[in-house]
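Per-entry structural report
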Amino acid sequence: MAVACSAAALAVGVAIAGPAASAVANSVTSHDVADRGTPTPEDFTDPDQSMIDESIVDLDPGIDDLDKGIEDLESTEVSGDSTVVTLDTDILFGFDSAELSDAAKKKIADLVKDLPTDSEIIVGGHTDSKGEDDYNKKLSEDRAEAVAEVLTAENKDLDVTAKGYGESEPVAANEKGGEDDPEGRAKNRRVEIRYNG
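No experiment lies behind these values; they were computed from the predicted model shown. (Residues numbered from 1 in each chain as written. Predicted model: local features only at pLDDT ≥ 70, side-chain atom pairs only at ≥ 80, totals over all residues. Heavy atoms only, no water.)

1. A short note on the overall build of the protein
The helix and strand tally for the protein stands at eight helices and seven strands. Within the protein, the proportion of its 197 residues that are buried is 29%. Sequence-distant contacts, at least 24 apart, represent 69% of the contacts inside the protein between residues at least 6 apart. Total accessible area computed for the protein in this model is approximately 12600 Å², and 51% of it derives from carbon and sulfur atoms. (Helix = DSSP H or I, 4+ residues; strand = E, 2+ residues; numbered from the N terminus. Buried < 20%, exposed > 50% of the residue type's maximum accessible area, 1.4 Å probe, protein only. Contact = heavy atoms within 4.5 Å. Areas by Shrake-Rupley, 256 points an atom, 1.4 Å probe, with all protein chains shown as cover.)

Here's what the structure looks like:
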């Protein structure tokens, strides 16, 4: 596909450039083109399957499976008897939403096996500083509740409480030097699962 586009671009380039370019193009033989490894339009008139297979290339080798990011959903920090699992809300939820994707629900459900049934579990929602305080508090409550619902659906024996903190407990600066700090704000948008044990 990319090779075919190159041939089309070559043909368009000759047409747009006009007679001077056409004269140069006419002075280049097919042997010259073959020596450069550049395909000519004749290369695409009757390709066999091997030519088609060879022409297929990865458009962007940097793109991985789109669900892979869900694997990096959480980080866990243990301090003494206290454990905090921090979930990245940018992966869990869409912008301005408290609706979990199916992949996020599955990943949260996978966390249940590590949660103690003999300890209170607090699910806390947090936002960045964009927007009104009341709105952020409600959004954080809704997000915490969505995560808590998945946890209790997986194990009814869990003692889970959902709380929304809005922007009141940042873990990073929302601004640097008076300027917006998108990286800091992203760290503040989170849901934490806290428990002892």
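2. Some thoughts on the side chain of D128
Looking at the element boundaries, D128 is found in the loop between β3 (120-126) and α7 (133-154). There is a polar contact of 3.0 Å between the side chain of D128 and the side chain of R185. Ignoring any residue separated from it by four or fewer positions in sequence, one finds D128 in contact with N136, E167, N174, R185, N188 and R189. (Polar contact = N/O pair within 3.5 Å; in protein donor to acceptor, adjacent residues only side chain to side chain.)

3. Focus on the packing of helix α6 (residues 102-111) against α7
Their axes nearest at 9 Å, the elements α6 and α7 cross at an angle of 55 degrees. It follows from the interaxial angle that α6 and α7 lie oblique. Crossing handedness for the pair α6 and α7: right-handed. In contact with K105, I108 and A109 of α6, α7 contributes V147, V150, L151 and E154. Split by residue class, the contact of α6 with α7 holds five nonpolar, no polar and two charged. (Axes fitted to C-alpha atoms, helices over the stretch in contact; angles between N-to-C directions. Parallel < 35°, antiparallel > 145°, perpendicular 65-115°, else oblique. Left-handed = near helix turned anticlockwise from the far one by under 90°. Nonpolar A, V, L, I, M, F, W, Y, C, P; charged D, E, K, R; others polar.)

4. What to know about α7
Over its 22 residues, α7 extends 32 Å from the first C-alpha to the last, a length consistent with the 32 Å expected when each residue adds 1.5 Å. The inward-facing, buried residues of α7 contact β2 (82-88), α5 (89-92), α6, β3, β4 (159-164) and β7 (190-196). (Expected span 1.5 Å × (residues − 1).)

5. Details of the pairing of β7
Where burial is concerned, most of β7 is hidden: five out of the seven residues are buried. As defined by bridge partners, β2 adjoins β7 across seven bridges and the pair is classed as antiparallel. Bridge pairing in β7 links T86 to E192. (Pairing = 2+ DSSP bridges.)

6. Brief notes about the sheet that holds strand β1 (residues 74-79)
Read from one edge of the open sheet, five strands run β1-β2-β7-β3-β4, paired in mixed fashion. Two strands in the sheet have a free side with no partner beyond their single neighbour: β1 and β4. On average, each strand axis in the sheet is tilted by 20 degrees relative to the strand beside it, whichever way the strands run. Sheet analysis places β1 next to β2, joined by six bridges and oriented antiparallel. What sits directly across from T76, in β2, is V85.

7. Section: α6
Considered for burial, the residues of α6 that qualify are A104, K107, I108, A109 and L111. As for α6, its buried residues are in contact with β1, β2, α5, α7 and β7.

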